[in-house]
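Chains, contacts and geometry: an overview
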Amino acid sequence: MGLNVFNTLSRSVEPFVPLDPDGKKVGLYCCGPTVHDYAHIGNFRTFVFADVVRRYLTFRGFDVRHVMNITDVEDKIIRRVNESGKSLSEYTGEFEKAFFNDLEALGCLMPDERPHATKFIGPIIKLIKKLEENGIAYRAGDGSVYFSIEKYREAGNRYGQLLNLNLEEMRPGERVSSDEYEKESIADFALWKARVPEDGEVFWKSPWGEGRPGWHIECSAMSMELLGPSFDLHLGGEDLVFPHHEDEIAQSEGACMQCDGQKFVKYWMHGAHLLVEGKKMSKSLGNFFTLRDLLAKGSAGREVRYLMISAHYRETFNFTLDNLAGARTALGRIDECTAKLRELALGQAAAPAADSPLVTRFTEAMDDDLNVSAAWAAAFDWVRDTNRKLAAEELDAAAAATELANWEHINAVLGIETIEEKAPAEILALAEERQAARKAKDFARSDQIRDELAAQGWVIEDTPKGPRVKRA
Ligand code: AMP
Ligand code: ZN
């Protein structure tokens, strides 16, 4: 079986077949953070989900190009910039830096491309002009440019591909200027917003005068510019289905960038939300957490990551401080098992076994629309089974090295950081003795100690800060 994913577009699970005729290259776009504040753990659930999708595609042999944009200009940001008295870039730069630190703490791989909306004003303007040429964009009285849903439909397109919308209730020509709105207020939406006094110094020149782009057009322009007019996978949290993603489709397909009849995006995947203690996060309820809040309480990034990927991405996840404590226990079991394997393997390198039940079960589970619950069940069954074999002394060094390679193979997808074991006192004493021997130019003794350490599964690494003992 190959990989199957739930496509929001068809509302069904479909085999994943990339657009690339060689079946190898995959273009993946995930809507990135709006850098108006520190991202909360709900936002990070979505980004960790995107990281797992990217890692699993790589595990499955695809050559992935992962794009995650930075929304560094939109309504919320402008409001905050004005309150702060800072420049746009000063303001967003700070939160962007914090965002990437958090992403790294959660063990996410850096997306290959991280485009900023403010650096794509040229392609955004080009796209709006194309919509204007196609008769789908029009100027309103205030100088802003809007997308006409009526004209788009008249041109034979369907508005409401991701969500069934009741277009009968829509009053043609009615407009919505804000970036975020509910489906009850389907209306023509802003592509280019004419400059108003509240925008302060945040504006760009355009054929329609000074102004700034709407949020939706930013993602259409950045994704198509970097991945081409048609690409494989578009991800985001479920709240982005409407209007953001629906509008992205309308703008990209309305501009007719896919001259060959292809769709803008082949597969849309949406992650369900994260709740805290059963409720939507809110500052007034006291259940609003950023990652730094949790780290300050003593949690590790890998524990938060584990928790976020312990439930299926299409199920709402209830985050609690109690289950965060449970994450530590669960990871401790894995650490203990892998540490024992490492000790036994004595630094031997091995490839994962072709018939490993761990890898087979893990792959079967993940192929099934990323069924992480079954994937974790495979991992913990492996821990139990391996512990039994270790206790019964059934594993030699080569077998231990292979088991470790099996775990590392699947952990390339799970992305759980390995905690380095601290060397015991006698090992540290030997390392110090080796240092002294080297200083005294007693190289025979220093080599002897190195061999002794290796026999016990430790190596000395020379670092700029001096020698460090670590597991072989
Ligand atoms: P934003 O920075 O507000 O644009 O959101 C970044 C991402 O986080 C988007 O993909 C949202 O869909 C997602 N998101 C927002 N709230 C939550 C939540 N409570 N749980 C999961 N994802 C969320
Ligand atoms: Zn987006």
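Residues numbered from 1 in each chain as written. Chains lettered and ligands numbered in written order. Predicted model: local features only at pLDDT ≥ 70, side-chain atom pairs only at ≥ 80, totals over all residues. Heavy atoms only, no water.

Around ligand 1 there are 14 residues in total, and Thr-34, Gly-42, Thr-46, Asp-239 and Leu-274 lie nearest to it. In this structure, an oxygen atom belonging to ligand 1 sits 3.0 Å away from a side-chain N or O atom of Asn-43. Contacts to ligand 1 include Leu-274, whose backbone N or O atom sits 2.9 Å from a nitrogen atom. Calculation on ligand 1 without its partners gives an accessible area of 500 Å², and the protein chains cover 88% of this total. Of all the elements in the fold, those that place two or more residues in the shell around ligand 1 are helix H1 (41–59) and strand S10 (231–237). Looking at the shell around ligand 1, the element that brings in the most residues is H1, giving four residues. For the shell around ligand 1, the residue count by class is five nonpolar, eight polar and one charged. (Near = heavy atom within 4 Å. Polar contact = N/O pair within 3.5 Å; in protein donor to acceptor, adjacent residues only side chain to side chain. Areas by Shrake-Rupley, 256 points an atom, 1.4 Å probe, with all protein chains shown as cover. Helix = DSSP H or I, 4+ residues; strand = E, 2+ residues; numbered from the N terminus. Nonpolar A, V, L, I, M, F, W, Y, C, P; charged D, E, K, R; others polar.)

Now for helix H7 (residues 241–254). Summarising burial for H7: 14 of the 14 residues are buried, a large majority. Looking one or two residues beyond H7, the residue adopting positive phi is Cys-256, at roughly 60°. (Buried < 20%, exposed > 50% of the residue type's maximum accessible area, 1.4 Å probe, protein only.)

The next subject is the sheet that holds strand S4 (residues 63–68). Judged by pairing direction, the sheet is parallel, and its four strands sit side by side in the order S4-S3-S10-S11 without closing on themselves. Each having just a single partner strand, S4 and strand S11 (265–271) make up the two edges of the open sheet. Strand after strand, the sheet turns through a mean of 20° between neighbouring axes, direction not considered. Here S10 runs beside S11; their pairing, made up of six bridges, is parallel. (Pairing = 2+ DSSP bridges. Axes fitted to C-alpha atoms, helices over the stretch in contact; angles between N-to-C directions.)

Counted by the stated rule, this structure contains 23 aromatic pairs. Taking the centre distance of 5.3 Å and the plane angle of 85° together, the rings of Phe-231 and Phe-264 count as edge-to-face. Residue Phe-231 is located in strand S10, and its partner Phe-264 is located in the loop between H7 and S11; the two are separated by 33 residues in the primary sequence. Just as Phe-231 is buried, Phe-264 falls in that class too. (Phe/Tyr/Trp six-rings, centres within 6.5 Å; stacked < 30°, edge-to-face > 60°.)

In this structure, Pro-243 follows Phe-242 across a cis peptide bond, with omega equal to 0°. Unusually for a residue other than glycine, Leu-370 sits at a positive phi of about 55°. Here Leu-370 shows up in the loop between helix H11 (357–367) and helix H12 (372–391). Here Leu-370 falls in the buried class, since its relative accessible area comes to 5%.

Let's shift gears to the coordination of the zinc ion (ligand 2). Around the zinc ion (ligand 2), the protein supplies Cys-31 (SG), Cys-219 (SG) and His-244 (NE2) as donor atoms, at distances of 2.0 to 2.2 Å. Going along the chain, you hit the donors of the zinc ion (ligand 2) in the pattern C-x187-C-x24-H. Note that Cys-219 is positioned in helix H6 (residues 215–227) and His-244 in helix H7, a separation of 25 residues in sequence. In this pair, the class of Cys-219 matches that of His-244, namely buried. (Donors = N, O, S within 2.8 Å, 3.2 Å for Na, K, Ca; no water.)

Tallied over the entire structure, the rule returns 31 salt bridges. With its nearest N and O atoms 2.9 Å apart, the salt bridge here joins Arg-361 to Asp-381. Pair noted here: Arg-361 is in helix H11 and Asp-381 is in helix H12, with a separation of 20 residues, a long-range link. We classify Asp-381 as partly exposed; its relative accessible area is 26%. Across the pair Asp-385 and Arg-388 runs a salt bridge, and its minimum N-O distance is 3.5 Å. Here the residue Asp-385 and the residue Arg-388 both occupy positions in helix H12, the gap between them amounting to three residues, near one helical turn. Under the relative-accessibility criterion, Asp-385 is labelled partly exposed at 32%. Owing to a relative accessible area of 45%, Arg-388 belongs among the partly exposed residues under this scheme. Several salt bridges converge on common partners, so that one network encompasses Asp-75, Asp-179, Lys-193, Asp-199 and Arg-212. (Salt bridge = Lys/Arg side-chain N within 4 Å of Asp/Glu carboxyl O.)

A separate point is the packing of helix H2 (residues 75–84) against helix H3 (residues 88–105). If you want to describe how two helices pack, look at the angle between their axes and the distance between the axes. Close contact between H2 and H3 brings their axes to 9 Å; oriented N to C, the two are set at 110°. With respect to each other, H2 and H3 are oriented roughly perpendicular. Mapping the contact onto sequence places Ile-77, Arg-80, Val-81 and Ser-84 in H2 and Leu-88, Tyr-91 and Thr-92 in H3. (Parallel < 35°, antiparallel > 145°, perpendicular 65-115°, else oblique. Contact = heavy atoms within 4.5 Å.)

Checked against the element boundaries, Asp-232 lands in strand S10. With relative accessibility at 4%, the residue Asp-232 sits in the buried group. Expressed as a C-alpha distance, the spacing of Asp-232 and Trp-215, which sit 17 residues apart in the sequence, is 22 Å. Excluding its chain neighbours within four sequence positions, the residues that come into contact with Asp-232 are Phe-16, Pro-18, Leu-19, Lys-25, Val-26, Gly-27, Val-265, Lys-266 and Tyr-267.

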